[in-house]
Amino acid sequence: MRLLLMIVFAVLALGCSKKPKIEWIKIEGGSFMMGSNDGHSDEKPIHRVRVKTFWMAQTEVTVGQYRKCVEAGVCSEPRTGDLCNWGESGREDHPINCVDWGQARTFSRWVSGD
């Protein structure tokens, strides 16, 4: 029985270190006109913006998915606070929030999204 429990714990531990499966969708690039002639000074002038084709996760990344990256020692923990899901019990399936651009990029690269 003890050996069986050790095997179960080993399998669970290995499962925790696996990268989450992320479904990626392709967003075709294009261009659009951005800005305003009537808005604030930082909105002027109207100008064409081009966006390259990129890949984006089909669904939001969950706290549990992001946690695997933290546990792997690749990602840093996100901020915590009243509106943040990190560190709140029962939120493993909630979207991760309170991450900055760098943390999101690190996660994306870790799951081979970039």
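Up top is the structure.
Here the focus is the overall build of the protein chain. The secondary structure content of the protein chain amounts to three helices and four strands. Overall, the protein chain shows an N-to-C arrangement of helices and strands of α-β-β-β-β-α-α. Split into buried and exposed, the 114 residues of the protein chain put 20% on the buried side. Only carbon and sulfur atoms are counted for the fraction: they give 56% of the accessible area of the protein chain, which is about 8700 Å².

Using the criterion set out here, one finds three salt bridges in the structure. With a shortest N-O distance of 3.9 Å, Lys26 and Glu28 are connected by a salt bridge. When its relative accessible area of 46% is taken as the criterion, Lys26 is described as partly exposed.

The final tally for this structure, using the stated rule, is three aromatic pairs. Grouping aromatic residues by their ring pairs yields a cluster made of Tyr66, Trp86, Phe107 and Trp110. Here the basic side chain of Arg67 rests over the ring of Trp86, its NZ or CZ set 4.4 Å away from the ring centre.

The next subject is helix 2 (residues 63-71). Those residues of helix 2 that fall on the buried side of the exposure criterion are Val63, Gly64, Gln65, Tyr66, Cys69 and Val70. The secondary structure elements touched by the buried residues of helix 2 are helix 3 (101-110). Among the residues trailing helix 2, Gly73 stands out with phi positive, at a value near 80°.

Here the structure, examined in full by the defined rule, presents two disulfides. Through a disulfide, Cys69 is tied to Cys75; the S-S separation comes to 2.0 Å. Between Cys69 and Cys75 the disulfide shows an S-S torsion of about 70°. By sign, it is right-handed. The disulfide partner of Cys84 is Cys98, and the S-S distance across this bridge is 2.0 Å.

This brings us to the nonpolar core. Grouped together as the largest cluster of nonpolar side chains are 13 residues, with contacts concentrated most on Tyr66, Cys75, Trp86, Ile96 and Phe107. At the level of elements, helix 2 and helix 3 are the ones that each hand at least two residues to this core. Discounting chain neighbours no more than four positions away, the residues touching Trp86 are Val63, Tyr66, Arg67, Val70, Glu77, Pro78, Arg79, Thr80 and Ile96.

Together, Ile25, Phe32, Met34, Val51, Phe54 and Met56 give the surface a local cluster of nonpolar side chains, amounting to about 480 Å² of exposed area. Listing elements by their share of the nonpolar patch, those giving two or more residues are strand 2 (30-34) and strand 4 (54-57). Residue placement: Ile25 occurs in strand 1 (residues 24-27). Classification of Ile25 by relative accessible area gives partly exposed; the value is 31%.

The rules behind the values
Residues numbered from 1 in each chain as written. Predicted model: local features only at pLDDT ≥ 70, side-chain atom pairs only at ≥ 80, totals over all residues. Heavy atoms only, no water. Helix = DSSP H or I, 4+ residues; strand = E, 2+ residues; numbered from the N terminus. Buried < 20%, exposed > 50% of the residue type's maximum accessible area, 1.4 Å probe, protein only. Areas by Shrake-Rupley, 256 points an atom, 1.4 Å probe, with all protein chains shown as cover. Salt bridge = Lys/Arg side-chain N within 4 Å of Asp/Glu carboxyl O. Phe/Tyr/Trp six-rings, centres within 6.5 Å; stacked < 30°, edge-to-face > 60°. Lys NZ or Arg CZ within 6 Å of the ring centre and 35° of its normal. Contact = heavy atoms within 4.5 Å. Disulfide = S-S within 2.5 Å. Core = buried A, V, L, I, M, F, W, Y, C linked by side-chain atoms within 4.5 Å. Patch = residues over 30% accessible without salt bridge, like charges linked within 9 Å, V, L, I, M, F, W, Y side chains within 5 Å.

Function cannot be inferred from these measures alone, as they are strictly geometric.
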